Amino acid sequence: MEDWDKEMEKKWFTISVYSENSVGLLNRISGIFLKRHINIESLNVSKSEIDHVSKFTIVVYTTEDWVRNIVGQVEKQIEVIKAFYHTDEETIYQESALFKVASTLLFDERNIQNIIKDSNSQIVTVSRDFFVLSKTGRRNEIDEMYQQLKPYGIMQFVRSGRIAVSKSEMKISSLLKEFNQ
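Since we're looking at a predicted model, the values are computed, not measured.

### Description of the pairing of strand 1 (residues 10-20)
Within a regular strand, side chains alternate between the sheet's two faces. Where strand 1 meets strand 3 (residues 53-63), eleven bridges bridge the pair, whose relative direction is antiparallel. Opposite Y18, over in strand 3, you have K55 as the bridge partner. Where strand 1 and strand 4 (residues 80-87) come together, seven bridges link them in antiparallel fashion. Across the sheet, the residue bridging to T14 is H86, located in strand 4.

Structure, rendered in structure tokens:
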């Protein structure tokens, strides 16, 4: 009974999908989540450590049973080489965010300078009307900075999808070597 409870517990999972770079694959992958009514909380697609192979990093909040099922369905896509899933404890991850704020606040509000310093964020650019802050960290760190800046007025805000590496080896490189021999 205990194993069943563990598989039915909802938690955060990072799914890593290695694939050929193919038009329409993102649409088909998102369709797999849509059919199961599972929201994609974060999505990032980039080149991977392997030439000509893309890596999708997808974050979902669901049960292990569902994520295992989804990974199985994703791997059925012909362009997908391999898919893995990991819990937050099994990954090292970050997100990035940009905050656009009125320039007058930088000079007139002492607390803004404290927020910048305490959050380990960086000033990317300063103009007459606005300045832009960059913050890299965990989602909760970015959320905290957002809440601190919100009373002063955020002109624009954007957050990236999660980027992540697993703590354990994902044997994708050795799998591709075997495949290419």
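### Examining the domain arrangement of the chain
With domains assigned, the chain is organised as domain 1 (3-91) and domain 2 (92-159). Between the C-alpha centres of domain 1 and domain 2 the distance comes to 31 Å.

### Section: the nonpolar core
Formed by 17 residues in total, the largest nonpolar core has its most connected members in I15, V17, I29, F33, I58, V60 and V74. Of all the elements in the fold, those that place two or more residues in this core are strand 1, helix 2 (25-35), strand 3, helix 3 (64-75) and strand 4. Apart from residues lying up to four places away in sequence, V74 is in contact with V17, I29, I32, V80 and A83. A97, F99, I112 and I142 belong to the second largest nonpolar core, which has 13 residues in total.

### Some points on the packing of helix 2 against helix 3
Contact geometry for helix 2 and helix 3: axes closest at 10 Å, N-to-C directions at 150°. What the angle tells us is that helix 2 and helix 3 run roughly antiparallel. Helix-helix and strand crossings are classified by hand; for helix 2 and helix 3 the assignment is right-handed. Taking contact as the criterion, the partners of I29, I32 and F33 in helix 2 are, on helix 3, I70, Q73 and V74. For the contact of helix 2 with helix 3, a count of residues per class yields five nonpolar, one polar and no charged.

Reading the values: rules and limits
- Residues numbered from 1 in each chain as written.
- Predicted model: local features only at pLDDT ≥ 70, side-chain atom pairs only at ≥ 80, totals over all residues.
- Heavy atoms only, no water.
- Pairing = 2+ DSSP bridges.
- Helix = DSSP H or I, 4+ residues; strand = E, 2+ residues; numbered from the N terminus.
- Domains from an automatic or database assignment.
- Core = buried A, V, L, I, M, F, W, Y, C linked by side-chain atoms within 4.5 Å.
- Buried < 20%, exposed > 50% of the residue type's maximum accessible area, 1.4 Å probe, protein only.
- Contact = heavy atoms within 4.5 Å.
- Axes fitted to C-alpha atoms, helices over the stretch in contact; angles between N-to-C directions.
- Parallel < 35°, antiparallel > 145°, perpendicular 65-115°, else oblique.
- Left-handed = near helix turned anticlockwise from the far one by under 90°.
- Nonpolar A, V, L, I, M, F, W, Y, C, P; charged D, E, K, R; others polar.

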